[in-house]
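Observations on chain architecture
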Amino acid sequence: MKSTDFELFDHTADIGLRLARSELSDLYRDAAYAFFAIIAPKSEFQPLVQKKVHVQGDDSEQLLVNWLSELNFLFQTEQFVPAKIDVSVNNDIIHAVLWGEIVDPEKHDIELEIKAVTYHKIYVKQDGDLWRA
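Source: prediction; values computed, not measured.

**A few points about the overall build of the protein chain**
From N to C terminus, the protein chain includes 2 helices and 8 strands. Counting helices and strands in the order they occur from the N terminus, the protein chain gives β-β-β-α-β-α-β-β-β-β. Its C-alpha atoms give the protein chain a radius of gyration of 14 Å, near enough to 14 Å, the size a compact globule of 133 residues would have. In the protein chain, buried positions account for 40% of the 133 residues. Restricting to contacts in the protein chain with at least 6 residues of sequence separation, those with at least 24 account for 68%. Surface exposure of the protein chain reaches about 7,400 Å², of which carbon and sulfur atoms provide 45%. In the protein chain, which carries 13 positive and 23 negative side-chain charges, the distance between the mean positions of the two groups comes to 2 Å.

**Overview of the environment of Ile114**
Tracing the sequence through the fold places Ile114 in the loop between β6 (93-102) and β7 (125-127). A relative accessible area of 16% places Ile114 in the buried class. C-alpha of Ile114 to C-alpha of Ile15: the two residues are 99 residues apart in sequence and 9.1 Å apart in space. Sequence-distant contacts of Ile114, defined by excluding residues within four places in its chain, comprise Phe35, Ile38, Ile39, Asn72 and Gln76.

**Quick look at the pattern of salt bridges**
As enumerated under the stated definition, the model contains 7 salt bridges in all. We note a salt bridge from Lys51 to Glu78, for which the minimum N-O separation is 2.6 Å. Here Lys51, found in strand β4 (residues 49-56), pairs with Glu78, found in helix α2 (residues 60-78); they are 27 residues apart in sequence, far enough to count as distant. In this structure Lys51 comes out as buried when scored by relative accessible area, which is 19%. For Lys107, the salt bridge is made with Glu101, and the minimal N-O distance between the two is 2.6 Å. A single salt-bridge network, built from bridges that share partners, covers Arg21, Asp26, Arg29 and Asp30.

**Focus on the packing of helix α1 (residues 24-39) against α2**
Between α1 and α2, whose axes approach to 10 Å, the crossing angle comes to 40 degrees. Relative to α2, α1 is oriented oblique. Taken as a pair, α1 and α2 cross one another with a handedness that is right-handed. Facing α1, whose interface residues are Tyr28, Ala31, Ala32, Phe35, Phe36 and Ile39, α2 presents Ser60, Leu63, Leu64, Trp67, Leu68, Leu71, Asn72 and Phe75.

Conventions and cut-offs
Residues numbered from 1 in each chain as written. Predicted model: local features only at pLDDT ≥ 70, side-chain atom pairs only at ≥ 80, totals over all residues. Heavy atoms only, no water. Helix = DSSP H or I, 4+ residues; strand = E, 2+ residues; numbered from the N terminus. Rg over C-alpha atoms; globule rule 2.2 N^0.38 Å. Buried < 20%, exposed > 50% of the residue type's maximum accessible area, 1.4 Å probe, protein only. Contact = heavy atoms within 4.5 Å. Areas by Shrake-Rupley, 256 points an atom, 1.4 Å probe, with all protein chains shown as cover. Lys, Arg positive; Asp, Glu negative; His and termini not counted. Charge placed at Lys NZ, Arg CZ, Asp CG, Glu CD. Salt bridge = Lys/Arg side-chain N within 4 Å of Asp/Glu carboxyl O. Axes fitted to C-alpha atoms, helices over the stretch in contact; angles between N-to-C directions. Parallel < 35°, antiparallel > 145°, perpendicular 65-115°, else oblique. Left-handed = near helix turned anticlockwise from the far one by under 90°.

Listed below in C-alpha cells is the structure:
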C-alpha cells in the first residue's frame, strides 16, 4: 500500500481525514490509500489479485462516499486490500483497477474496521491549483 499525506481529525462517529492533491483522480486514489492505511497501518499488501471497480455519484461528494463504500464492501465481504490503485474520473464516474491481496491473519494486522462511510463534514472542491477533500 502506498503511503499518503493525509490528516486525521476527530469525527463524531470515528475518524475523519483531509487531503489535497493537484489532480482529482489522485485525490480519489489517495483517499482509498488513506482509508486502508487507517485499517491496517502496519501491514504491507502485495498486488496479487486484480479487481475492476466502477462507481457513480450525483456529485463529487457522493462519488467519494460511494467510492470508499465500495472499497469497504470489498474489504468486508472478501477481505480484499488494494496495494496499487489506478483511478480515472470522468464526470461523476470513477473507473478503477485495483491490485491487491486478501487479508492473511498470519501476516496482516487489521487494527480497525470501518463500518460505514458517512457524509458528515464531507466536501470535495477545487481550491486554486488543488483539489481538497
